[in-house]
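So you can see what is in the structure, the chains are spelled out below.
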Amino acid sequence: MPAIRLATQPLACFHKDPALHLVRTSGPLPAEFLGGAVAVGNFDGVHRGHARLVERLLTRAREVSGPAVVLTFDPHPVRILRPELAPPPLTWSERKAELLSELGVTAVWSYPTDEALLRLTAEEFFQQIIVQSLRAKGMVEGPNFRFGQQRRGDVALLQGLCASQGLKLDVVEPLATAGDLVSSSRVRDLIRQGDVAAARQLLTRPYRLRGLVTHGAQRGSKIGFPTANLAGIDTLVPPIGVYAGRAFTPQGIWPAAINIGPNPTFGEDAFKFEAHLPGFSGSLYGQPLEIEFLARVRDTRPFASVAELTQQLAADVQTVLKTYEQDTAEDA
Ligand SMILES: Cc1cc2nc3c(=O)[nH]c(=O)nc-3n(C[C@H](O)[C@H](O)[C@H](O)COP(=O)(O)O)c2cc1C
Ligand SMILES: Nc1ncnc2c1ncn2[C@@H]1O[C@H](COP(=O)(O)OP(=O)(O)O)[C@@H](O)[C@H]1O
């Protein structure tokens, strides 16, 4: 059995970067947000296309000697305007801010989307948010950027508005891989197919979700594989199956053997999200847990006996440990 190497660096999920400023307000902004370069967008998942845009944002921020600011909206405007069309998000706001901060962004304004904001025309949005609230000196966007009521504002309009206020606008060409644009919907599609390894190639970090550890059927420890069952997951969940990943607990980072779906061996149909953390002992009940997906291992299926299931679980753990080891080595 390979040795389990536990990461010793501060936990990204529970550690707040002191250099990052994150606010959720529709009111006046702290000084750290003013007079910088600004990128407006949803930044869901924070993929490599976003990273390219942020790179340019940092360059502009240095040039204007101001902060590198991302303005994002929580909830996404579509969730208010057309909830039936809103896809499940890939990231929650704090995680998005952490990922952006890892890329060098210094201030994230997570705007609590409301009717008043959605009513602003493109010109009003620019005047009130970009000029008055942020006192921006530059903007960085992709060519498909739309803004203002009914998404009527486009990059051509923004160009004119920026020029009228003496702001420099950078339009960054979107990143493409394998002939396709890197986008949050492409990442979402891959995760929906269970291809978390391919999703990872497009993201700046492996796909991660969070939840709270709740009680299950109390069967796991009896069969030698206790599993932390997660409730309250608020982002996209990969499909039924077994996955290799990492668990971020308040106690540290662990390998994770993840099962999503039912427990057919025990005739249980309830949809569960559970993770066995090889090498961990103690209680996780009631605690927050973040789970990162590295690879899909196999389909969840019924086994003829508990002995056959546990034999398979032992093999799964070996696969998980190998994946975790490889990953830790690549990260080092
Ligand atoms: C990595 C992993 C893979 C699993 N695969 C299967 C499976 O293929 N079929 C199945 O019936 N249960 C599977 N299970 C679920 C176990 O049956 C389950 O963990 C056990 O019933 C404990 O449930 P409890 O947490 O509610 O006590 C898997 C669990 C883990 C951790
Ligand atoms: N290595 C481990 N991996 C996951 N959970 C563990 C581990 N060791 C102890 N636990 C604790 O045991 C609980 C899981 O035990 P289990 O018998 O499966 O109960 P339940 O059905 O309530 O999930 C977890 O919620 C956690 O608090």
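Because the structure is a prediction, the values reported are computed rather than measured. (Residues numbered from 1 in each chain as written. Chains lettered and ligands numbered in written order. Predicted model: local features only at pLDDT ≥ 70, side-chain atom pairs only at ≥ 80, totals over all residues.)

1. Observations concerning the site of ligand 2
Around ligand 2 lies a shell of 20 residues, among which Gly216, Gly220, Ser221, Pro226 and Leu284 are the nearest. Class assignment of the residues belonging to the shell around ligand 2 gives a composition of 8 nonpolar, 11 polar and 1 charged. (Near = placed C-beta within 6 Å. Nonpolar A, V, L, I, M, F, W, Y, C, P; charged D, E, K, R; others polar.)

2. Let's talk about the UniProt feature "domain: Riboflavin kinase" (unreviewed entry) in the protein
Per the UniProt entry, the sites bearing "domain: Riboflavin kinase" (unreviewed entry) are residues 202-325 in this numbering. Taken end to end, residues 202-325 has its terminal C-alpha atoms 21 Å apart, with 17% of it in helix and 42% in strand. (UniProt positions renumbered as here; feature names shortened; annotations may be inferred. Helix = DSSP H or I, 4+ residues; strand = E, 2+ residues; numbered from the N terminus.)

3. Things to note about the sheet that holds strand E6 (residues 168-171)
Pairing is parallel across the open sheet formed by 6 strands, whose spatial order is E1-E4-E3-E2-E5-E6. Every other strand in the sheet has two partners, leaving strand E1 (21-23) and E6 as the edge strands with one partner each. The mean inter-strand angle of the sheet, taken between neighbouring strand axes irrespective of direction, is 20 degrees. The pairing of strand E3 (residues 68-73) with strand E4 (residues 107-111) spans 5 bridges and is parallel. Paired with phenylalanine 73 across the bridge in E4 is tyrosine 111. Relative to the sheet, helix H3 (residues 93-102) contacts E1, E3 and E4, its axis offset from that of E4 by approximately 155 degrees. (Pairing = 2+ DSSP bridges. Axes fitted to C-alpha atoms, helices over the stretch in contact; angles between N-to-C directions. Contact = placed C-beta atoms within 7 Å.)

4. Some words on the site of ligand 1
Close to ligand 1 lie 24 residues, the nearest being Gly216, Ala217, Arg219, Asn259 and Thr265. Put simply, the parts of the chain that give the shell around ligand 1 at least two residues each are strand E12 (252-263), strand E13 (268-276) and helix H9 (306-331). In terms of residue class, the shell around ligand 1 is built from 10 nonpolar, 10 polar and 4 charged.

5. Details of the pairing of strand E14 (residues 288-298)
Two faces make up the sheet, and in a regular strand the side chains alternate between them. Pairing geometry for strand E9 (residues 208-214) and E14, over 5 bridges, is antiparallel. Residue pairing in the sheet places leucine 212 in a bridge with proline 288 of E14. Direction of pairing for strand E11 (residues 241-249) relative to E14: antiparallel, over a ladder of 7 bridges. Opposite valine 242, over in E14, you have arginine 298 as the bridge partner.

6. Considering H3
The element H3 is extensively covered by neighbouring structure, given that 7 of its 10 residues are classed as buried. In this fold, the buried residues of H3 make contact with E1, helix H1 (48-63), E3, E4 and E9. Glycine 104 sits one or two residues past H3 and shows a positive phi near 110 degrees. (Buried ≥ 20, exposed ≤ 12 C-beta atoms within 10 Å, placed from the backbone.)

7. Quick notes on the domain arrangement of the protein
One can read the domain layout of the protein as domain 1 (21-177) and domain 2 (206-331). Inter-centroid distance (C-alpha atoms) of domain 1 to domain 2 is 36 Å. Taken together, the contact pairs 6 residues of domain 1 with 5 residues of domain 2. Broken down by class, the residue content of the side of domain 1 that touches domain 2 amounts to 4 nonpolar, 1 polar and 1 charged. (Domains from an automatic or database assignment.)

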